[in-house]
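Coordinate analysis (summary)
One letter stands for each residue in the lines below.
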Amino acid sequence: FGSFGNTRTYTFSFWIKRSMMSNISGLLQQVFGAGTSNNYGRMLFSNNNADEFEFKQNSSSGNFDVRTAQSFQDCNGWYHFVIAFDTTQGTDSKRIKIYVNSVLVTSFAESNYPGQNITSRINSGSQIHYIGRSSHGNFYYLDGYLADVNFVNGHGLAPESFGETKNGIWIPIDYSNKISEISR
């Protein structure tokens, strides 16, 4: 990012199709992140042979680790992820909301939420951000396809800002059409 954004409230949305080109199980694959090896924020598929999705931070401003109990090993279809980060919320479970295909994730293998008002390494203008690889080296490469990637500064949004159900199927919509609604 060219300048500091809101490090307490933002939304990251993306569609992903994981690749069958490699054995994905057991490989840490980072989708998005920023920081160094000891001071980072990252969103990734974990390397615990379950391929759970994890949003983790190790930082002097505060640590957290939220990892879904759901496995994401299906390489035939697309998943839509929305991660709404808002540490201004009084309730810890509202500070990180993860939606998959428009459904709020409520079952977690790990749920150490961030403290109220902590800042994130992500959206900090002082950090280089990376999509599809580690933010602190040439590893943790993502093996898959990404589409309709959106980062929204200052808003904790729900999936309806990025998709809709048509004929019983969750599909992407043009986020730019939603900008005027959010600005109101």
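Provided above is the structure to which this section pertains.
For clarity, every value in this text was computed on a predicted model and none was experimentally measured.

Moving on to a nonpolar patch on the surface. Taken together, the side chains of Ile-131, Leu-146 and Val-149 make up a nonpolar region of the molecular surface, amounting to roughly 220 Å² of accessible area. Mapped onto the elements of the fold, Ile-131 is located in strand E10 (residues 129–131).

This part is about the sheet that holds strand E1 (residues 9–18). Overall, antiparallel pairing links the five strands, which are arranged E8-E7-E6-E1-E11 in an open sheet. Looking at strand neighbours, the two that pair on one side only are strand E8 (103–104) and strand E11 (144–153), the edges of this open sheet. As judged from the eight bridges shared by E1 and E11, these two strands associate in the antiparallel manner. When the sheet's bridge partners are listed, Phe-12 is paired in E11 with Phe-151.

Once that is clear, we can look at the nonpolar core. One recurring pattern in soluble globular proteins: nonpolar side chains tend to sit buried together. Counting 25 residues, the largest nonpolar core has Val-31, Met-43, Phe-53, Phe-55, Phe-81, Ile-83 and Ile-98 as the members making the most contacts within it. For this core, the secondary structure elements donating two or more residues are E1, strand E2 (29–35), strand E3 (40–45), strand E4 (52–58), strand E5 (64–71), strand E6 (79–86) and strand E7 (96–100). Leave out the neighbours within four places in its chain, and Ile-98 touches Phe-53, Val-66, Thr-68, Phe-81, Val-82, Ile-83, Val-103, Leu-104, Val-105 and Phe-108. Grouped together as the second largest cluster of nonpolar side chains are six residues, Val-82, Tyr-99, Val-152 and Phe-162 included.

Only a minority of non-glycine residues have a phi that is not negative, and only a minority of peptide bonds are not trans. Of note, Asn-123 is a non-glycine position whose phi angle comes to about 80°, a positive value. Relative to the helices and strands, Asn-123 resides in the loop between strand E9 (108–112) and E10. Exposure remark for Asn-123: the relative accessible area of 2% places this residue in the buried category. If you check the backbone angles, Asp-148 has positive phi at about 45° while not being a glycine. Mapping Asp-148 onto the fold places it in strand E11. You can call Asp-148 partly exposed: its relative accessible area is 41%.

What follows concerns the pairing of E4. Across the seven residues that make up E4, a large majority, five, are buried. Pairing analysis gives six bridges linking E3 to E4, with the strands arranged antiparallel. Residue Met-43 lies in a different strand from E4, and its bridge partner there is Phe-55. Direction of pairing for E4 relative to E5: antiparallel, over a ladder of five bridges.

Rules and cut-offs
Residues numbered from 1 in each chain as written. Predicted model: local features only at pLDDT ≥ 70, side-chain atom pairs only at ≥ 80, totals over all residues. Heavy atoms only, no water. Patch = residues over 30% accessible without salt bridge, like charges linked within 9 Å, V, L, I, M, F, W, Y side chains within 5 Å. Areas by Shrake-Rupley, 256 points an atom, 1.4 Å probe, with all protein chains shown as cover. Salt bridge = Lys/Arg side-chain N within 4 Å of Asp/Glu carboxyl O. Helix = DSSP H or I, 4+ residues; strand = E, 2+ residues; numbered from the N terminus. Pairing = 2+ DSSP bridges. Core = buried A, V, L, I, M, F, W, Y, C linked by side-chain atoms within 4.5 Å. Buried < 20%, exposed > 50% of the residue type's maximum accessible area, 1.4 Å probe, protein only. Contact = heavy atoms within 4.5 Å.

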